[in-house]
Amino acid sequence: MQQVEEIASVAPEGAVAELWEQALAVVKGELSELVFKTWFAVAEPLGMVGSDVIVAVPNAWGRDWLRNRYSGLLAAALSEVSGEQIGVRFVIRAPEDPSVKPLTKDVEPARNDDVLEIHETPVVIQPDQHSDAEPTRGAHEMSGLRSRYTFDRFVPGDSNQLAYACALAVAETPAYKYNPLFIYGGSGLGKTHLLQAIGHYISTYYPHLRIRYIDAHHMVDDFTDSIRSKSMESFRKRYRENDVLLVDDIQGLIAKKETQEEFFRTFKFLHDNHKQIVLTSDRPPYELETLNERLISRFNQGMMADINPPELETRVAILKKKVEAEPGIPVPEEVLTLIAERASGNVRELEGALLRVRAFAALRPVKRITIEDARDVLKGMFPERTVRQISIQTIQNEVCRYFNLSKDDLLGNKRSQNIVLPRQIAMYLSRELTELSLPRIGAEFGGKDHTTVIHANSKITKLLGEKREILNDVQTLTTAIRQKS
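Definitions and limits used
Residues numbered from 1 in each chain as written. Predicted model: local features only at pLDDT ≥ 70, side-chain atom pairs only at ≥ 80, totals over all residues. Heavy atoms only, no water. Helix = DSSP H or I, 4+ residues; strand = E, 2+ residues; numbered from the N terminus. Contact = heavy atoms within 4.5 Å. Areas by Shrake-Rupley, 256 points an atom, 1.4 Å probe, with all protein chains shown as cover. Core = buried A, V, L, I, M, F, W, Y, C linked by side-chain atoms within 4.5 Å. Buried < 20%, exposed > 50% of the residue type's maximum accessible area, 1.4 Å probe, protein only. Pairing = 2+ DSSP bridges. Axes fitted to C-alpha atoms, helices over the stretch in contact; angles between N-to-C directions. Phe/Tyr/Trp six-rings, centres within 6.5 Å; stacked < 30°, edge-to-face > 60°. Lys NZ or Arg CZ within 6 Å of the ring centre and 35° of its normal. Polar contact = N/O pair within 3.5 Å; in protein donor to acceptor, adjacent residues only side chain to side chain. Arc of directions from axis to C-beta. pLDDT = per-residue confidence, 0-100.

A separate point is the overall build of the protein. For the protein, the count of helices and strands is 19 helices and nine strands. Across the protein, the fraction of contacts at a sequence separation of at least 24, relative to all contacts at a separation of at least 6, is 75%. Total accessible area on the protein stands at roughly 23700 Å², and carbon and sulfur atoms take up 49% of it.

In structure tokens, the structure reads:
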């Protein structure tokens, strides 16, 4: 034991508790209710050493999290309510139950010099041996994560508040609550954003945890390749040796019986070993036809949170966040409101409308956006009446007619420029005007991989702001397609 300090009676015990409660009232006003309850409800003031309030928490994660993220805020709040310069120190409360185990095998049991042993006065406290540096991102199996899909860039509202709160709770305390978490809702509403935000958050603040992010369609491909190469043991290790498994578009397992069976065993293994599982789907579990009943039962054991189309206020907030994140031609408030009123379906529709309006302004000599220009651009995208949902066949037929191509050319594999560009435009419009998933769109274009659809969407999005003729083509086709529908 390197050093022993006794809690000095700088202030009576009751006075320290009162000081702590007053400081918490200040802190609570600076944080969301979810964050406050998650991290501060379990913290307990023990007394003072010198000018520092000693606060006990149940485990090393809580100690490190509070120290790295909130020690400055707490110290400022304590100083404010006391009128004196007061600091804060965090220690681990020794567990009362010796059977309590850490969340993962990577988290070592607390060493003697990490634990606060609570006795009658005096209380033994060991010196802090850890760095105050912010935790850094570890190496994780999370290829496919987009840097912009973080909690900071997600806009919560009435339509997604439950899913947002559950996702944040899972990210802050993996495997402690909501396990599994099942997020469902229509295309383009933010499910993937939340799933990836969980991955980013955990990898940053829990770098010792092993994380795997995967799309269910990729999982099916991985499973098939593993069978073909006789490497199933490697497949199982890739998915089971994780502390957090994030699976997007779980409906991709429908009709894949062998993959379902393997995933069920993986799910059971992870869940039984207290590992966090988060899934997304375009529908609730009970609507996942032909999915293994045991899987559906497992999904139903956890927390289910739905996401609905955003209400007007949230749509405006999403657009403002988008404009702030991507500086360019300023967009007046009235234009943002107009876009939010017209594009009421999903977030992807909102972003597509904003992109078109900005692209139109970028191609004009005077680079500014007026409400009249926005109305003209949006007129073709959002006519007042739509008789039926747009089908991908309608999009393909109109693109073929407009560019004078055959359907075989559009859906085939020819790489000549006069075919590739129309094919990319058709894929872009399919992504923008329908709610079909990327793999489904790829399948409708002659069995293309979903990465081909992503590339096409990115290419056309870039060209919209660079070439007037591409913008005109897309605008004309959008109007024609909506009129057909």
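With that settled, consider the nonpolar core. Membership of the largest hydrophobic core comes to 54 residues, with the highest contact counts inside it found for Phe40, Phe151, Leu194 and Ile198. Counting 28 residues, the second largest nonpolar core, distinct from the first, contains Val399, Phe445, Val474 and Leu477.

Right, let's talk about the sheet that holds strand E6 (residues 211-215) for a bit. Within the open sheet, the five strands sit side by side as E6-E7-E8-E5-E9. Their pairing is parallel. The open sheet has two free edges, formed respectively by E6 and strand E9 (303-307), since each of these has just one partner strand. Going from strand to strand, the sheet's axes swing by 15° on average, the running direction of each strand aside. Here strand E5 (residues 181-185) pairs with strand E8 (residues 276-281) via four bridges, running parallel. Within E8, the residue paired with Leu181 across the bridge is Val278. Each of E5, E8 and E9 is contacted by helix H4 (residues 161-172), which is oriented at about 135° to E9, the strand it contacts most. Sheet strands touched by helix H6 (residues 216-228): E6 and strand E7 (244-248). Its angle to E6, the strand with the most contacts, is close to 95°.

Per the stated rule, a full pass over the model turns up twelve aromatic pairs. On the basis of an interplanar angle of 55° and a centroid distance of 5.2 Å, the ring pair of Tyr201 and Tyr205 is categorised as tilted. Highlighted residues: Tyr201 and Tyr205, both in helix H5 (residues 191-205), separated by four residues, approximately one helical turn. Relative accessible area serves as the criterion here: at 19%, Tyr205 is assigned to the buried category. Cluster of aromatic residues (ring-pair linked, three or more members): Phe151, Phe154, Tyr164, Tyr201 and Tyr205. Sitting over the ring of Tyr239, Arg212 keeps its end group 5.1 Å from the ring centre. Geometry around Phe269 places Arg240 over its ring, the cationic atom sitting 5.8 Å from the centre.

Before going further, it helps to examine the pairing of strand E3 (residues 87-93). When you tally the buried positions in E3, you get six out of seven residues, the bulk of the element. With six bridges joining them, strand E2 (residues 52-57) and E3 adopt parallel strand pairing. Note on E3: the bridge partner recorded for Val55 is Phe90.

With that settled, the discussion passes to the side chain of Arg356. Position of Arg356 among the secondary structure elements: in helix H12 (residues 347-362). By relative accessible area, which is 0% here, Arg356 ends up buried. Of the polar contacts made by the side chain of Arg356, one reaches the side chain of Glu432; its length is 2.6 Å. A distance of 3.0 Å separates polar atoms of two side chains, one belonging to Arg356 and the other to Thr478. Setting aside residues no more than four positions away along its own chain, Arg356 makes contact with Val377, Met381, Tyr428, Leu429, Glu432, Leu464, Leu471, Val474, Gln475 and Thr478.

Its place among the elements puts Val278 in strand E8. For Val278 and Leu181, which are 97 residues apart along the polypeptide, the C-alpha to C-alpha distance reads 4.8 Å. Sequence-distant contacts of Val278, that is, excluding residues within four places in its chain, are made with Val170, Leu181, Leu195, Ile198, Leu245, Leu246 and Val247.

This paragraph deals with the side chain of Asn242. Take Asn242: it is sitting in the loop between helix H7 (232-240) and E7. Of the polar contacts made by the side chain of Asn242, one reaches the backbone oxygen of Tyr239; its length is 3.1 Å. Excluding its chain neighbours within four sequence positions, the residues that come into contact with Asn242 are Arg210, Ile211, Arg212, Leu270 and Lys275.

To continue, consider the pairing of E8. Counting buried positions along E8 yields six of six residues, so the element is predominantly enclosed. Summarising the sheet, E7 and E8 pair through four bridges and their orientation is parallel. The residue bridging Leu245 from the neighbouring strand is Ile277, located in E8.

Among the residues of helix H9 (residues 293-301), those classed as buried are Leu295, Ile296, Arg298 and Phe299. What you see down the axis of H9 is that its buried residues fit within an arc of 160°, all on one side. Seen from the buried face of H9, the exposed residues on the opposite side, beyond 90 degrees, are Glu293 and Gln301. The inward-facing, buried residues of H9 abut E5, helix H8 (257-272), E8 and E9.

All right, on to unusual backbone geometry then. A cis geometry characterises the amide bond from Asn179 onward to Pro180, with omega recorded as 5°. Within the secondary structure, Pro180 sits in the loop between H4 and E5. Within the chain, Asp249 stands out as a residue other than glycine whose phi angle is a positive 55°. Positive phi outside glycine occurs at His274, with the angle close to 60°.

Bringing the confidence of the model for the protein into the picture now. Predicted confidence across the protein gives a mean pLDDT of 79, with 85% of residues reaching 70 or more. In the predicted structure, residues 1-12 sits below a pLDDT of 50 and forms 29 contacts with residues beyond four places in sequence or in another chain. In this model residues 96-139 is a low-confidence stretch, pLDDT under 50, and it forms 88 contacts with partners more than four residues away in sequence or in other chains.

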